[in-house]
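Architecture and fold: a report
The residues making up each chain are set out below.
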Amino acid sequence: MKILLTGGAGFIGSHTAVELINNGYEPVIIDDFRNSKSFILKNIEIVTGKKIISYAEDLGNTAKLREIIEKEKPLGVIHFAADKAVNESVLNPIKYYKNNVVNLIKLVEIIDEYNIKSFVFSSSCTVYGTPDHTPVSEESDIKPAFSPYGFTKQVGEQILVDYFKNKNKACLTILRYFNPIGAHPSALLGELPIGVPSNLIPFITQSAIGKRGPLTVHGNDYSTPDGTCIRDYIHVVDLATAHVLALKKQTKPNRIYNVGVGKGFSVLEVLKSFEKVNSLKVNFQFGPRRSGDIPEIYANNNLIKKELAWSPKYSLENCLEHSWFWEQNLENF
Ligand code: WQD
């Protein structure tokens, strides 16, 4: 069964391609490689021992997209392709609306033409804005988005819910990611930040290996136990597995799931854990708060556990160990 993975050479997409193959699916990757490199495709083949079907194309090229769907006839789509840097979206909102909203609409028009009935959408806990309570459940209020990136995820969800509402026998599953981190245990797949990483873990690993200076902890005066922000860090392989289960168990038309481990860790707790598990020291300094950051968010993941029988297998320590192995191995590619 072929599944089209838009953005399938990216961080989450590549790990999902591996788990799909491990579960008997055949991923078809379409990626413009703005957030990836071609060696990732080769490494997916090394990890799985299977040949990968892939197309280096811009999702906005609808003629090409039609050609690919005509040829491959995928039965489902997992839509990863999107820009995802909160701060960049503030500086360049149109780039985000074009890629994350206009291209989504073009994709939906084409899946409608080809009557593709199974769709999994990569969303984000960012849609909750600043929650009144944590942990957040799928019924928690959706607050005004904090950034154009967050707004594109809110709009993307609404577009898909409205479209699939009238599509009989079709299934939409929306997965709201918390903070994806870690890397494949083989150290052949992982995060490939372009330029200076905005996310915490890649900055820590690049600082630890000497590619960057000290980590700046963005604010230590939040109303949290140690003053630094709290997040729900989930191993990328656990997140990938959630996509496979979402496809396998698509029985209801529109389902939304939080995909997080259900526990929050502060920036300082993550830093200390990284140092302990990898037996090294990371230089850091406290800096001012980063605009757009919220003090605390982590998942109530009861729904995905109940309905998809999903549960995280990796601990925070596993994530931080795998991230470090990946950073060390990167120089070989
Ligand atoms: C985590 C914490 C920072 C870097 C974003 C998106 C989310 C998802 C993941 C796509 C925060 C602190 C970070 C640094 C720091 N994206 N930090 N120094 O902002 O929670 O989530 O990325 O799926 O949708 O919103 O992740 O890793 O950037 O930050 O102190 O150099 O680490 O302030 O508290 P974030 P992050």
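These remarks concern the structure in this document. (Residues numbered from 1 in each chain as written. Predicted model: local features only at pLDDT ≥ 70, side-chain atom pairs only at ≥ 80, totals over all residues. Heavy atoms only, no water.)

This part takes up helix α8 (residues 236-248). The end-to-end C-alpha separation of α8 is 19 Å, in line with the 18 Å expected for 13 residues at 1.5 Å each. Within the span of α8, buried status applies to Val236, Val237, Asp238, Leu239, Ala240, Ala242, His243, Val244, Leu245, Ala246 and Leu247. (Helix = DSSP H or I, 4+ residues; strand = E, 2+ residues; numbered from the N terminus. Expected span 1.5 Å × (residues − 1). Buried < 20%, exposed > 50% of the residue type's maximum accessible area, 1.4 Å probe, protein only.)

Our next topic: the sheet that holds strand β6 (residues 171-177). In space, the seven strands of this open sheet follow the order β3-β2-β1-β4-β5-β6-β11, with parallel pairing throughout. Two strands lie at the open edges of the sheet, namely β3 (53-56) and β11 (254-259), each paired on one side alone. Strand-to-strand twist of the sheet, defined as the mean angle between neighbouring strand axes without regard to direction, takes the value 15 degrees. As paired elements, β6 and β11 share six bridges and run parallel to each other. Of the residues in β11, the one forming a bridge with isoleucine 174 is isoleucine 256. Contacts from helix α1 (residues 11-22) reach β1 (2-6), β2 (26-31), β4 (76-79) and β6, with the element oriented near 165 degrees to β2. (Pairing = 2+ DSSP bridges. Axes fitted to C-alpha atoms, helices over the stretch in contact; angles between N-to-C directions. Contact = heavy atoms within 4.5 Å.)

Moving on: the site of the ligand. Neighbouring the ligand are 19 residues; Ser124, Thr126, Leu200, Arg231 and Asp293 lie closest to it. In this structure, threonine 126 approaches the ligand through a side-chain N or O atom, which is 2.6 Å from an oxygen atom. In the complex, the protein chains occlude 92% of the 690 Å² of accessible area that the ligand would expose alone. Here the element with the most residues in the shell around the ligand is strand β8 (residues 215-218); it accounts for four residues. The residue makeup of the shell around the ligand, split by class, is eight nonpolar, seven polar and four charged. (Near = heavy atom within 4 Å. Polar contact = N/O pair within 3.5 Å; in protein donor to acceptor, adjacent residues only side chain to side chain. Areas by Shrake-Rupley, 256 points an atom, 1.4 Å probe, with all protein chains shown as cover. Nonpolar A, V, L, I, M, F, W, Y, C, P; charged D, E, K, R; others polar.)

Turning our eyes to something else, we now look at the packing of helix α7 (residues 200-209) against helix α9 (residues 267-278). Contact pair α7 / α9: the axes reach a minimum separation of 11 Å and the direction vectors enclose 40 degrees. What the angle tells us is that α7 and α9 run oblique. As α7 packs across α9, the resulting crossing turns out to be right-handed. In contact with Leu200, Ile201, Ile204, Thr205 and Ala208 of α7, α9 contributes Val267, Val270, Leu271 and Phe274. A breakdown of the residues in the contact of α7 with α9 according to their chemical character gives eight nonpolar, one polar and no charged. (Parallel < 35°, antiparallel > 145°, perpendicular 65-115°, else oblique. Left-handed = near helix turned anticlockwise from the far one by under 90°.)

With that settled, consider empty space enclosed by the protein. Tallying each qualifying case throughout the model produces two cavities of 30 Å³ or more. Its volume calculated, the largest cavity comes out at about 100 Å³. Lining the largest cavity, in full, are Gly182, Glu191, Pro193, Ile201, Pro202, Thr205, Gln206, Ser323, Trp326, Glu327 and Leu330. When residues of the lining of the largest cavity are traced back to their parent elements, those giving at least two are α7 and α11 (316-329). The biggest single contributor to the lining of the largest cavity is α7, with four residues. Its residues placed into classes, the lining of the largest cavity shows five nonpolar, four polar and two charged. Taken as a whole, the second largest cavity holds about 30 Å³ of empty space. Taken together, Thr173, Ala246, Lys249, Gln250, Thr251, Lys252, Arg255, Tyr257 and Leu308 form the lining of the second largest cavity. For the lining of the second largest cavity, the residue count by class is three nonpolar, three polar and three charged. (1 Å grid on protein atoms, 1.4 Å probe; cavity = no way out; pocket = protein on both sides within 12 Å on 5 of 7 lines; lining within 4 Å. Points joined across faces, edges and corners; volume = space filled by probe spheres on them.)

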